[in-house]
Amino acid sequence: MSTYFQPQKYPATEFASTGATDEALPVVVVGAGPVGMGVALGLAQRGIPVTVLEAADQVSFGSRAICISRHSLEVAARLGFGPELEKIVLPWVGGRSFYRDEQVLHFEMAHGDHDVRGPMVNVSQSEIEQIMTDTLLAHPLITFQWSSSVAGVLRSDEDVTLDVDTAFGARRLRARWVVAADGGRSRMRELAGIRLQGNSYQGNYVIADIHWESTLPAERMVWFDPPSNPGSTIIMHQQPRDIWRIDYQLDSADDAELETQEDHIRDRITRHLDWLENDVPWTLEWHGFYRAHALALDDFTHGRILFAGDAAHLVPIFGVRGLNSGMEDAETLAWTLAAVVHGTAGESLLQAYSAERRAAWQQNVDNAGKSTLIMSPGSHGYRTTRDAVLALATTRPEFGHLVNPRQSSATHAHLSPLTWPVAEGTTGVLPGDPMEDRRVRVRVTTADGSVQSSLNRVRGTGFAVLGVGVDPAGARMIAAHASALAMALSPESVRAVVVPAPGAAVDGAADLTVLDDPDGALAQALGASAGECFVIRPDGLVLCRVRDLSLLGDVRDHLKTATAPALGVVPTHTETTATPDELLRENVWMGLSEALDQAGESDREGFLTRLALLLGSQSGRREFEEALAAASHVSGKVSSGTPRHSHADA
């Protein structure tokens, strides 16, 4: 019996138009995907009534996005639907890649004992949306309008008027602000007369969900040129309740319309599962089709229409950045728009949102672009080097890192107009960095002395002022500044949290949370010296890091004007998890790919021969002979026999 999730359908909503003398609605959100609903929840959390327009009569059907990052789970927790979501997800920490029948990569994402959550979980987007919908429908400040599609837009300096088609006829709504979160084919974007700019990659992928009671592990599995489907690339992910997501690449010569018919999809999947020595029956539950894109608006704010998620940008799906980056959009837009609506900040704060999130799109594209060049190389040069890398990796495992999917992680805001500079040479967690959630102990007046919690839970859903290694006077100053900031930013919450200096008699109070850090693990993770203070934004990014606590009094004014102090240096990380040898191989791969693309079609072999002669003359005889042997050996190494990743050793 299938366990595939079937969304609930909702009756069309009847509502009245906004009258000429009626007050404009505070915010209308167009689109009830994860991003639109995330914005709505964040605004309602801050006391702002929100109207959500959704053209459909249910949440999306099918898995669509399935990989949810640790950071997105933190966002879900802050927005109020995290506990329900975490009940149904399937955690995973790594994966394996194969070239034909040989494993060429095994990776694990970073995770440790201090983490509250694992690095990644799988669950279908449809189920995420249903949980979010249930949360929205239960919120008194959110009005949900089903089967309501926007047909026209009229903008002024003060508001936006939306013409809405409903099952009960045409309606007209007037709103002070409109959030366009209506997806990659955004009708709002079309009506606003703006277009996404960027690149679309070659390569078409079919995606399918099957119900399959397999014993294969919950990990990301990728096969390049598998014997089951020669020339293709196949990706497999397990979801909860024995649902499996299978993505496979179509050849450029394939007829996409023909290959997306069910009988062709079943044939492709059957061949692959048979090759995996499957003897368990399976059923096809859902299927779709996609191409990889790297497109974005130049500006995410257009007057009083604010764009977020796929309506504002598209990223290649490799590395699972689409929904995860959209959830970051939602949380950042929610707190910045709320501040503007409440009058605690000027509209320049929304320009900061636009600048930050477009820069985040670029970060995602830079990382996902490398993955896309491996998963779906769009030129002769990159196809040639990709195949060479895979063949080499079967005998030279050091080349395997080049096929690492570079899984999604939280983006930074180093170049944001909001982010404060730091003293030159500052290391550790910098302004603009995400403050990761981690296990902490909160000091309490009980026999135990402290209770386990998490940094995310302690700092709350608003701003937090976190002091490290402070004395009693410093703790009182931090609490006072947090209280003053809370009054200035009301109704946004502001919490004061401190880690006392060793031996300092700092007690918790209603306006101060005290953490125990006896081994200095938290201070070390932050890279903080005694007496330093971090201001953390509602979306988890560090706004500033100061040693002079009196500077905390300037935070309010800088937020109001969407500026940062001028003194210091722009925070930036030069750290990377890649080793120098890995960076060298990456540069060689990309440089050689570009050079091959620039070589004349009739001169490619000559170019490679000349390159080999030049490089060989710069190395010793032994090294050159070893390189010749390694390059020759892989040509006959890989077979298409029994899969070496069958159930027996999976």
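What you see is a predicted model, and the numbers here were worked out from it, not measured in a lab. (Residues numbered from 1 in each chain as written. Predicted model: local features only at pLDDT ≥ 70, side-chain atom pairs only at ≥ 80, totals over all residues. Heavy atoms only, no water.)

Observations concerning the side chain of D159
Within the secondary structure, D159 sits in the loop between β9 (149-155) and β10 (160-166). At 3.5 Å, the side chain of D159 and the side chain of R174 are in polar contact. With residues up to four places along the chain from it excluded, the contact list for D159 reads L154, R174, A175, R176 and R304. (Helix = DSSP H or I, 4+ residues; strand = E, 2+ residues; numbered from the N terminus. Polar contact = N/O pair within 3.5 Å; in protein donor to acceptor, adjacent residues only side chain to side chain. Contact = heavy atoms within 4.5 Å.)

Details of the nonpolar core
In this structure, F81, L162 and F307 are the most contacted members of the largest nonpolar core, which totals 102 residues. The element best represented in this core is helix α8 (residues 322-342), accounting for nine residues. Dropping the residues within four chain positions of it, L162 is found in contact with V28, V30, L53, V150, G152, V153, R171, R172, L173, V178 and M188. Ranked by size, the runner-up nonpolar core spans 39 residues in total, among them Y205, A296, V365 and V389. (Core = buried A, V, L, I, M, F, W, Y, C linked by side-chain atoms within 4.5 Å. Buried < 20%, exposed > 50% of the residue type's maximum accessible area, 1.4 Å probe, protein only.)

Here's the deal with the packing of aromatic side chains
Taken as a whole and assessed by the stated rule, the structure comprises nine aromatic pairs. For the pair F144 and W146, a centre-to-centre distance of 4.3 Å together with 15° between the ring planes defines the contact as stacked. Here F144 matches W146 in class, with each residue buried. Taken together, the ring pairs connect Y10, F144 and W146 into an aromatic cluster. Positioned over the ring face of W177 is R304, at 4.4 Å from the centre of the ring. Over the ring of F399 we find R585; its NZ or CZ atom is 5.8 Å from the centre of that ring. (Phe/Tyr/Trp six-rings, centres within 6.5 Å; stacked < 30°, edge-to-face > 60°. Lys NZ or Arg CZ within 6 Å of the ring centre and 35° of its normal.)

A few points about the packing of helix α9 (residues 348-375) against helix α15 (residues 580-598)
Interaxial distance between α9 and α15 falls to 13 Å at its minimum, and their mutual angle equals 60°. As the angle between them shows, α9 and α15 are arranged oblique. Where α9 crosses over α15, the two elements pack in a sense that is left-handed. Contacts from K370, L373 and I374 in α9 reach E586, W589 and M590 in α15. (Axes fitted to C-alpha atoms, helices over the stretch in contact; angles between N-to-C directions. Parallel < 35°, antiparallel > 145°, perpendicular 65-115°, else oblique. Left-handed = near helix turned anticlockwise from the far one by under 90°.)

Some points on the pattern of salt bridges
Applying the stated criterion across every chain yields a total of 35 salt bridges. Here R358 and D298 are joined by a salt bridge, their closest N and O atoms 3.7 Å apart. Of this pair, R358 sits in helix α9 while D298 sits in the loop between β16 (282-296) and β17 (301-302), and the two are 60 residues apart along the sequence. Using a relative accessible area of 22% as the deciding quantity, one classes R358 as partly exposed. Exposure remark for D298: the relative accessible area of 60% places this residue in the exposed category. In this structure, R621 engages E625 in a salt bridge whose closest nitrogen and oxygen atoms are separated by 3.2 Å. In this pair, R621 and E625 are both assigned in helix α17 (residues 621-633), four residues apart and thus about one turn of the helix distant. Residue classification places E625 among the partly exposed residues on the basis of a relative accessible area of 43%. (Salt bridge = Lys/Arg side-chain N within 4 Å of Asp/Glu carboxyl O.)

Observations regarding the sheet that holds strand β4 (residues 90-92)
Strands sit in the order β3-β7-β4 across an open sheet of three strands; the sheet is antiparallel. The two strands at the open ends of the sheet, each matched to only one other strand, are β3 (67-69) and β4. Strand-to-strand, the axes of this sheet are offset by a mean angle of 35°, without reference to chain direction. Looking at chain direction, β4 and strand β7 (residues 120-122) are connected through three bridges and run antiparallel. When the bridges of β7 are listed, L90 appears paired with N122. Helix α2 (residues 70-79) contacts β3 and β7 of the sheet and is inclined by roughly 75° relative to β3. (Pairing = 2+ DSSP bridges.)

Some remarks on the confidence of the model for the chain
If pLDDT is low for a region, its predicted coordinates should not be looked at in detail. The predicted model of the chain has a mean per-residue pLDDT of 92, with 96% of residues at 70 or higher. Below a pLDDT of 50 lies the segment residues 644-650, which in the model reaches 23 contacts outside its immediate sequence neighbourhood of four places, other chains included. (pLDDT = per-residue confidence, 0-100.)

Concerning the environment of A368
The topology assignment puts A368 in helix α9. In the structure, A368 is positioned 212 residues away from S156 in sequence and 38 Å away in space, judged by C-alpha atoms.

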